[in-house]
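# Overview (structure and organization)
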Amino acid sequence: MTNWKKLTCTLQELRLDVALVCGQSFRWKEIKPGVFRSVLAGGVWTLTQTNEGDVLYEVNRPETPKHKLSNKCRVTTHATTKTKFQLTDEDILKDYFQLNTSLKDLYDQWSKADSNFSKIASKFVGVRTLRIDPTENLISFICSSNNNISRITGMVEAMCTNYGDMLMEMDGEKWYSFPDAACLTGPDVETKLRKLGFGYRAGYISSSADFIMQNGGTEWVKSLRNVTYAEAKESLLKLKGVGPKVADCVCLFSLDKTEAIPVDTHVWQITARDYMPKLTKTKSLTAKVYQEIGNCYRQLFGQYAGWAHSVLFSADLRKFKELQEKQHEPGLEIKREHGSTTEKQKNRKRQARKLVKTEKEVAKRIKTEIE
DNA sequence: ACACGACCTTCCGC
DNA sequence: AGCGGAAGGTCGT
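Residues numbered from 1 in each chain as written. Chains lettered and ligands numbered in written order. Predicted model: local features only at pLDDT ≥ 70, side-chain atom pairs only at ≥ 80, totals over all residues. Heavy atoms only, no water.

So, on to the nonpolar core. Ranked by internal contacts, the top residues of the largest apolar core, which has 98 residues, are Phe97, Trp110, Phe198 and Tyr297. Not counting residues within four places of it along the chain, the set of residues in contact with Phe198 comprises Cys143, Arg151, Met155, Ala158, Met159, Leu193 and Ile205. Counting residues in hydrophobic clusters, the runner-up holds six residues, among them Val39, Val44, Leu167 and Met168. (Core = buried A, V, L, I, M, F, W, Y, C linked by side-chain atoms within 4.5 Å. Buried < 20%, exposed > 50% of the residue type's maximum accessible area, 1.4 Å probe, protein only. Contact = heavy atoms within 4.5 Å.)

In structure tokens, the structure reads:
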């Protein structure tokens with residue numbers, strides 16, 4: 001039924017099942033085991049990967065042009081959509097995964113520089129930094145502050161269903177584009193977002209959308225790709241609800257700033273444990289400590305330190321612990337022979353089940369609220 | 001510069 | 001049953 005197209009790839013260059021759901025983008029859904037779906041560049045993309053590493057993909061686009069779809073908000077499309085060099089689907093995919101940069105070469109370089117990385121990397125290949133639409137990424141990460149993953153995912157989805165364009169229905173589910181910043185301006189946006197459960201982030205989003213529109217819209221955010229890391233970060237920090245961490249997420253996942261290191265509580269812990277033991281004494285994540293942590297990784301890994309950070313961060317996520325063990329940790333089988341699994345393993349499995357459960361519930365609840 | 005506390009909301013553990 | 005603490009921070013003092 002599905003008509004896959006193939007993009008030649010290897011697992012060393014890309015592990016779809018990790019890269020899509022390790023907290024860079026909040027929009028990929030695993031619709032079947034190993035099959036992922038999301039909206040990209042105005043189309044609905046379905047992706048999976050063969051055992052050899054080739055990426056299989058299918059794109060579905062709405063029949064009607066975008067500007068006719070929505071009565072919520074009309075945006076005059078830029079002339080840029082009419083360039084004479086039309087991007088192919090493969091171009092779009094290669095750009096999203098930044099496949100022109102060899103991840104294997106980088107892994108080799110980082111492994112040589114750091115034995116801890118080397119140990120992790122051998123069991124955790126293909127963790128690739130994505131190149132996400134800048135404004136989508138920015139708004140999404142404003143939602144992330146002092147918040148948990150399942151709720152963030154639900155909020156981003158609510159954002160799309162309430163302010164985006166419905167592109168099409170597939171397998172009984174409607175797929176929406178991420179809203180343009182123009183759709184998020186106006187006096188009633190904050191109130192509505194609050195009603196949708198965004199909390200105090202409603203004001204941040206409304207204010208930031210206004211700021212973006214006053215500075216040239218989404219094209220302005222995108223244009224930060226053409227300035228230095230320091231300049232891009234400085235600009236982003238002007239937006240309400242954007243602090244150093246969110247700014248670095250946008251720099252790294254959207255603006256080609258490969259040396260940006262987003263430091264959240266999680267990265268702070270990892271760094272204290274594996275790289276800077278003195279940090280265990282620090283009480284809070286001050287600007288100075290934030291800078292020190294970034295510098296530590298940049299010194300160790302070089303220009304692509306942010307990409308290396310993505311590997312270390314993902315490898316430490318609870319939901320990937322089992323993946324690592326199953327594949328490469330012989331200790332697991334030995335423990336099983338002794339009868340029961342350890343408490344730690346049981347806890348992890350329980351947590352993983354909960355994660356899946358809550359994500360589903362949140363999505364369902366938000367859907368019913370809208371109707 | 002740095003340390004606090006407040007902030008929406010949800011979920012989890014006791 | 002109900003309350004405290006944390007969740008991929010940021011803002012204001």
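From this point, the discussion proceeds with the structure in view.
Turning to the confidence of the model for chain A, a few remarks are in order. When the pLDDT values of chain A are averaged, the result is 86; 81% of them are 70 or greater. For residues 327-371, every residue scores under 50 in pLDDT, and the model assigns this stretch 31 contacts once sequence neighbours within four places are set aside. (pLDDT = per-residue confidence, 0-100.)

Below, the discussion takes up the packing of aromatic side chains. This structure, assessed with the given rule, holds 16 aromatic pairs. Every member of this aromatic cluster is reached through a ring pair, and the members are Tyr107, Trp110, Phe117, Tyr275, Tyr297 and Phe301. One cation-aromatic arrangement involves Arg201 over Tyr200; the distance from NZ or CZ to the ring centre is 4.4 Å. (Phe/Tyr/Trp six-rings, centres within 6.5 Å; stacked < 30°, edge-to-face > 60°. Lys NZ or Arg CZ within 6 Å of the ring centre and 35° of its normal.)

Take helix 12 (residues 244-254) next. Across the eleven residues of helix 12, nine count as buried, placing the element largely inside the fold. Burial in helix 12 covers these residues: Val246, Ala247, Asp248, Cys249, Val250, Cys251, Leu252, Phe253 and Ser254. Along its buried surface, helix 12 packs onto helix 6 (134-142), helix 11 (229-236), helix 14 (287-301) and helix 15 (305-315). Following helix 12 by one or two positions, Asp256 adopts a phi angle in the positive range, close to 65°. (Helix = DSSP H or I, 4+ residues; strand = E, 2+ residues; numbered from the N terminus.)

Attention shifts here to the packing of helix 13 (residues 265-274) against helix 14. Each pair of packed helices gets described by two things: the angle between the helix axes and the distance between those axes. Remark: helix 13 packs on helix 14, axes separated minimally by 11 Å, with the N-to-C direction vectors making an angle of 60°. It follows that helix 13 is oblique to helix 14 by the angle criterion. Relative to helix 14, the crossing made by helix 13 is left-handed. Contact with helix 13, carried on its side by Val267, Trp268, Ile270 and Thr271, involves Val289, Ile293 and Tyr297 of helix 14 and no other residues of that element. (Axes fitted to C-alpha atoms, helices over the stretch in contact; angles between N-to-C directions. Parallel < 35°, antiparallel > 145°, perpendicular 65-115°, else oblique. Left-handed = near helix turned anticlockwise from the far one by under 90°.)

Turning our eyes to something else, we now look at the sheet that holds strand 5 (residues 55-60). Pairing is antiparallel in the open sheet, where five strands are placed in the order 1-5-4-3-2. With one partner strand each, in any of the chains shown, strand 1 (5-7) and strand 2 (29-32) form the two edges of the open sheet. The mean inter-strand angle of the sheet, taken between neighbouring strand axes irrespective of direction, is 35°. One ladder, built from five bridges, connects strand 3 (residues 35-40) with strand 4 (residues 43-49); its direction is antiparallel. Bridge assignment links Val39 to a residue of strand 4, and that residue is Val44. (Pairing = 2+ DSSP bridges.)

To continue, consider the pattern of salt bridges. Oppositely charged side chains can pair when the atoms bearing their charge come close. For the structure on display, the rule yields 16 salt bridges. When the shortest N-O distance is used, the salt bridge between Lys104 and Asp108 registers 3.0 Å. You can see Lys104 and its partner Asp108 sitting in helix 4 (residues 103-113), four residues apart, about one turn around the helix. Among the salt bridges present, the one from Asp256 reaches Arg131, with a minimum N-O distance of 2.7 Å. (Salt bridge = Lys/Arg side-chain N within 4 Å of Asp/Glu carboxyl O.)

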